[in-house]
Amino acid sequence: MTDKKPDLKGRLALVTGASRGIGYFLAKELAACGAHVVAVARTVGGLEELDDEIKAAGGEATLVPLDLTDMAGIDRIGGAIHERWGKLDIMVANAGILGVIAPLGHVEAKVFEKVMNINVTGTWRLIRTVDPLLRASDAGRAIVMSSGAAHSARAFWGPYAASKAAVEAMARSWADETKNMPLRVNSVNPGATRTAMRAQAMPGEDPETLPHPSEVAAKILPLASPELTETGLIFDVKKNHFTRYQMPQ
């Protein structure tokens with residue numbers, strides 16, 4: 001896969017969790033490459049700041065303030081895109097929450113359920129609403145944000161690890177369903193990044209030792225390219241290459 005910036009002129013990209021972190025900077029990158037960005041997030045202030053930066057650079061964005069616990073709201077996204085544009089070229093399922101770092105037996109039911117609701121069910125609802133739109137594109141690209149936690153399954157990370165493992169499994173099934181179509185579906189392991197979520201998980205860590213989300217977003221950007229051929233894989237940002245899945249040994 002090439003590191004060159006893709007030509008996305010005339011293409012439509014949807015990014016969730018676009019008000020901060022990796023989603024914010026990936027939305028900016030997509031717009032800078034010519035895509036019209038539909039930016040979805042709960043935080044209106046962050047969305048407005050993103051919109052200002054995209055427009056200042058000559059790009060275009062449509063803002064969708066939405067809490068991803070609003071499942072009916074997620075469902076409406078597909079209908080709205082269909083009515084206005086008729087298709088979707090790029091989907092970035094980036095929104096997610098950490099929950100708590102705690103022993104599984106100590107996690108409150110409401111916390112576990114919220115992690116699964118936003119990270120897993122919310123991602124599935126998003127996939128369901130945009131699937132026909134991505135199939136209508138000549139080169140649909142789906143980018144699903146995961147985490148190394150899905151595979152390391154470290155102590156105390158149970159809810160988050162389980163949610164990301166589930167998201168990856170969905171992405172792989174979706175990729176297999178669409179492997180004979182122009183649609184390409186891949187997961188991303190961004191690695192440790194200087195974000196608010198990382199600070200919540202590792203409060204004693206020096207954030208200056210971690211890559212900035214803008215650096216990570218730049219590495220992910222080529223997955224949106226119409227020239228991409230890989231599907232059903234996971235892209236490791238730190239290694240800057242795709243990794244194939246294999247059965248446990």
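Residues numbered from 1 in each chain as written. Predicted model: local features only at pLDDT ≥ 70, side-chain atom pairs only at ≥ 80, totals over all residues. Heavy atoms only, no water.

A. Looking closely at the overall build of the chain. Within the chain, the secondary structure is distributed over eight helices and eight strands. For 249 residues, the compact-globule estimate of 2.2 N^0.38 gives 18 Å, and the chain sits close to it at 17 Å. With the principal axes as the frame, the chain shows a C-alpha extent of 50 × 40 × 35 Å. Burial status across the chain gives 50% buried among its 249 residues. In the chain, 71% of the contacts between residues at least 6 apart in sequence involve partners at least 24 apart. Accessible area for the chain stands at about 11800 Å²; split by element, carbon and sulfur atoms hold 52% of it. Side chains of the chain carry 28 positive and 28 negative charges; the gap between the two charge centres is 4 Å. (Helix = DSSP H or I, 4+ residues; strand = E, 2+ residues; numbered from the N terminus. Rg over C-alpha atoms; globule rule 2.2 N^0.38 Å. Buried < 20%, exposed > 50% of the residue type's maximum accessible area, 1.4 Å probe, protein only. Contact = heavy atoms within 4.5 Å. Areas by Shrake-Rupley, 256 points an atom, 1.4 Å probe, with all protein chains shown as cover. Lys, Arg positive; Asp, Glu negative; His and termini not counted. Charge placed at Lys NZ, Arg CZ, Asp CG, Glu CD.)

B. Structural detail: unusual backbone geometry. Residues other than glycine seldom take positive phi values, yet Phe-156 does so here, at roughly 75 degrees. Inspection of the secondary structure puts Phe-156 in the loop between helix H5 (149-152) and helix H6 (158-177).

C. Inspection of empty space enclosed by the protein at higher detail. Under the definition given, this model contains one cavity of 30 Å³ or more. Top element by residues in the lining of the largest cavity is helix H4 (residues 109-135). It accounts for four residues. (1 Å grid on protein atoms, 1.4 Å probe; cavity = no way out; pocket = protein on both sides within 12 Å on 5 of 7 lines; lining within 4 Å. Points joined across faces, edges and corners; volume = space filled by probe spheres on them.)

D. Main features of the side chain of Ser-137. Relative to the helices and strands, Ser-137 is located in the loop between H4 and strand S5 (141-145). Ignoring sequence-local partners within four residues, the contact set of Ser-137 consists of Arg-11, Lys-87, Leu-88, Asp-89 and Pro-182.

E. Looking closely at the nonpolar core. Judged by nonpolar contacts, the single largest core of 35 residues is most densely connected at Leu-30, Val-188 and Ile-220. For this core, the secondary structure elements donating two or more residues are strand S1 (12-16), helix H1 (21-32), strand S2 (36-41), helix H2 (44-56), strand S4 (90-93), S5 and helix H8 (213-220). Ranked by residues supplied to this core, first place goes to H1 with six residues. Contacts of Leu-30, omitting those with residues within four sequence positions, involve Leu-8, Ala-13, Val-15, Ala-35, Val-37, Ile-90, Val-92, Leu-221 and Ala-224. Counting residues in hydrophobic clusters, the runner-up holds 29 residues, among them Val-38, Leu-66, Leu-88 and Leu-126. (Core = buried A, V, L, I, M, F, W, Y, C linked by side-chain atoms within 4.5 Å.)

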